[in-house]
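# Understanding the architecture of this molecule
For reference, the chains in residue letters:
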Amino acid sequence: EIDLRRLLRQAPARPDRLMLEKVNLSEKLASFDEPFSPRIVGYYNDTKIQVAKTRGPFVWHAHPDTDDLFLVLAGSLRVELRDGAVELGEGELLVVPRGVEHRPVADDEAHVLLLELTGTPNTGDSDAQAAPEVEL
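What counts as what
- Residues numbered from 1 in each chain as written.
- Predicted model: local features only at pLDDT ≥ 70, side-chain atom pairs only at ≥ 80, totals over all residues.
- Heavy atoms only, no water.
- Helix = DSSP H or I, 4+ residues; strand = E, 2+ residues; numbered from the N terminus.
- Buried < 20%, exposed > 50% of the residue type's maximum accessible area, 1.4 Å probe, protein only.
- Contact = heavy atoms within 4.5 Å.
- Areas by Shrake-Rupley, 256 points an atom, 1.4 Å probe, with all protein chains shown as cover.
- 1 Å grid on protein atoms, 1.4 Å probe; cavity = no way out; pocket = protein on both sides within 12 Å on 5 of 7 lines; lining within 4 Å.
- Points joined across faces, edges and corners; volume = space filled by probe spheres on them.
- Nonpolar A, V, L, I, M, F, W, Y, C, P; charged D, E, K, R; others polar.

Moving on to the overall build of the chain. Scanning the chain from terminus to terminus reveals 2 helices and 8 strands. Listing each helix as α and each strand as β along the chain from the N terminus yields α-α-β-β-β-β-β-β-β-β. Going through the 136 residues of the chain one by one, you find that 36% of them count as buried. Within the chain, residue pairs in contact and separated by at least 24 positions form 64% of the contacts whose partners lie at least 6 positions apart. Accessible surface for the chain amounts to roughly 8,500 Å². Of this, 52% is attributable to carbon and sulfur atoms.

This is how it looks when you write it as structure tokens:
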């Protein structure tokens, strides 16, 4: 029988990943203007919590080892797939399964929250230059 409480007490502290302060997403989004350059606002386990601005089309890409989550905070986003597209409005989210080729497109600026495993480039498997991982 596994004593979960004992195991949890033994888990090492991760001071680099403690998030004991609230994050104002609007303020974080106001601090930069570059489209498709996500900014890390926190971590959840080994997952980056990011905000990004989108304008126009991004590159076609897939993430072979992880799903891709888009949550629209403001505006609208179209996630194009090779066999169609999904339109997202404010407060709507989409999970693109791993390995599915897709391209986010915003006709006007949209603000999105993204969840990606740490170390995952935003350009996935494409040859395009990935945005650097920047923490706010």
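Per the stated rule, a full pass over the model turns up 1 cavity of 30 Å³ or more. For the lining of the largest cavity, the element with the highest residue contribution is strand E7 (residues 102-117), accounting for 4 residues. Class assignment for the residues of the lining of the largest cavity results in 8 nonpolar, 3 polar and 2 charged.

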